[in-house]
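Close look at the chain arrangement
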Amino acid sequence: MTLAIVLAMALAAACVLAPGAGAYAAAPQIQPDRPITLDARSSDFDYKRGTLVFRGVRIAQGPLSVEADSATATGLDFADSKWSFRGNVRITVEGGALASDAADVAFVDNELSTATITGGPATFEQKREDGVARGRANRIEYRFDQGTVRLAGNSWLSDGANEIRGRTLVYSMPDRRVLAAAADQGDE
């Protein structure tokens, strides 16, 4: 596919995905004043390695949550920590969700900050009043504060009527905008 076609499709999709801002188009609701809760079926603290392992884990802050079969962390400090989630990972955000085999999630200043999910493929969806926007890629990077989804590697986006494919696509959930930069597409 030529770059001109990719850019034309991106512009068309942006026009299709953008109209009718409503209840589902709101920015993600990070609530730093809300506590971070952790629920797990079991936990194991390895004093020798200084790691925590949780099974059947769910971490939530307000309407945002991350669930998985297991999670590993180097401590319970949410002020600045990184967590690795494995198996049936599901990240729920206001109006949408991401799913994958694996995710690395960062907490900064006691807030969910970023998530990098990988899978075969990693997926996301956003509920809208006129349907569902969906995407998939080998790797998806999600910024909780901005509501942006960066799809990399065999990327695909659809609003149910239109599809966009490329090497790298960036989708803004609040704005319902797609960016397919020429520099990110290579020969596609």
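Here the structure is shown first, and the text comes after it.
Everything numeric here is computed off the predicted structure, so don't read it as measured data.

Examining the packing of aromatic side chains
Evaluated as defined, the whole model comprises seven aromatic pairs. Residues F54 and W83 carry aromatic rings whose centres are separated by 5.7 Å and whose planes lie at 20 degrees to one another, so their mutual orientation is stacked. Taken together, the positions of F54 in strand 2 (residues 51–61) and W83 in strand 4 (residues 80–93) put the pair 29 residues apart, joining distant regions of the chain. Summarising the burial analysis for this pair, F54 and W83 share the class buried. Judged by centre distance (6.2 Å) and plane angle (20 degrees), the ring pair of W83 and F85 falls under stacked. Like W83, the residue F85 is buried in the burial classification. Put simply, the rings of F54, F78, W83, F85 and F107 touch in pairs and so form one group of aromatic residues. The ring of W156 carries the charged tip of R136 above its face, separated from the ring centre by 4.2 Å.

Points about the pairing of strand 1 (residues 37–46)
Where strand 1 meets strand 2, nine bridges bridge the pair, whose relative direction is antiparallel. Paired with S43 across the strands is F54, a residue of strand 2. Taking the residues that link successive antiparallel strands as the turn, the strand 1-strand 2 hairpin has four residues, and the phi of G50 there is positive, at about 70 degrees.

Considering the side chain of S155
Structurally, the position occupied by S155 is in strand 8 (residues 148–158). Within polar-contact distance, the side chain of S155 engages the backbone oxygen of R167 at 3.0 Å. Beyond its immediate stretch of four places on either side in the chain, S155 contacts R136, A137, I164, R165, G166, R167, T168 and L169.

Digging into the nonpolar core
Grouped together as the largest cluster of nonpolar side chains are 38 residues, with contacts concentrated most on W83, F85 and I91. Among the secondary structure elements, those contributing two or more residues to this core are strand 2, strand 3 (64–73), strand 4, strand 5 (96–108), strand 6 (111–128), strand 7 (131–143), strand 8 and strand 9 (163–172).

Comments concerning the sheet that holds strand 8
The strand order 1-2-3-4-5-6-7-8-9-10 describes an open sheet built from ten strands, whose pairing is antiparallel. Lying at the two open borders of the sheet, with one neighbouring strand each, are strand 1 and strand 10 (177–179). Adjacent strand axes in the sheet meet at a mean angle of 35 degrees when their direction is disregarded. Of the pairings in the sheet, the one linking strand 6 to strand 7 comprises twelve bridges and is antiparallel in character. Paired with K127 across the strands is V132, a residue of strand 7.

Quick word on the environment of L157
Here L157 shows up in strand 8. For L157, the residues in contact, after removing those within four places along its chain, are F124, R134, G135, L151, N162, E163, I164, L169, Y171 and V178.

Some points on the pairing of strand 8
When you tally the buried positions in strand 8, you get eight out of eleven residues, the bulk of the element. Hairpin remark: strand 7 followed by strand 8, antiparallel, with four residues in the connecting loop; positive phi at G147, about 70 degrees. As defined by bridge partners, strand 8 adjoins strand 9 across nine bridges and the pair is classed as antiparallel. Opposite A152, over in strand 9, you have T168 as the bridge partner. Between strand 8 and strand 9, which pair antiparallel in sequence order, lie four residues; one of them, G160, sits at a positive phi of approximately 100 degrees.

Thoughts on unusual backbone geometry
Cis geometry marks the peptide bond from G120 to P121; its omega dihedral reads -5 degrees. With respect to the helices and strands, the residue P121 is situated in strand 6. Backbone geometry at D109 places phi at a positive 55 degrees, although glycine is not the residue there. Tracing the backbone shows D109 in the loop between strand 5 and strand 6. Overall, D109 belongs to the exposed group, its relative accessible area being 60%. Of note, N154 is a non-glycine position whose phi angle comes to about 55 degrees, a positive value. Locating N154 in the fold gives a position in strand 8.

Each value, and the rule that gives it
- Residues numbered from 1 in each chain as written.
- Predicted model: local features only at pLDDT ≥ 70, side-chain atom pairs only at ≥ 80, totals over all residues.
- Heavy atoms only, no water.
- Phe/Tyr/Trp six-rings, centres within 6.5 Å; stacked < 30°, edge-to-face > 60°.
- Helix = DSSP H or I, 4+ residues; strand = E, 2+ residues; numbered from the N terminus.
- Buried < 20%, exposed > 50% of the residue type's maximum accessible area, 1.4 Å probe, protein only.
- Lys NZ or Arg CZ within 6 Å of the ring centre and 35° of its normal.
- Pairing = 2+ DSSP bridges.
- Polar contact = N/O pair within 3.5 Å; in protein donor to acceptor, adjacent residues only side chain to side chain.
- Contact = heavy atoms within 4.5 Å.
- Core = buried A, V, L, I, M, F, W, Y, C linked by side-chain atoms within 4.5 Å.
- Axes fitted to C-alpha atoms, helices over the stretch in contact; angles between N-to-C directions.

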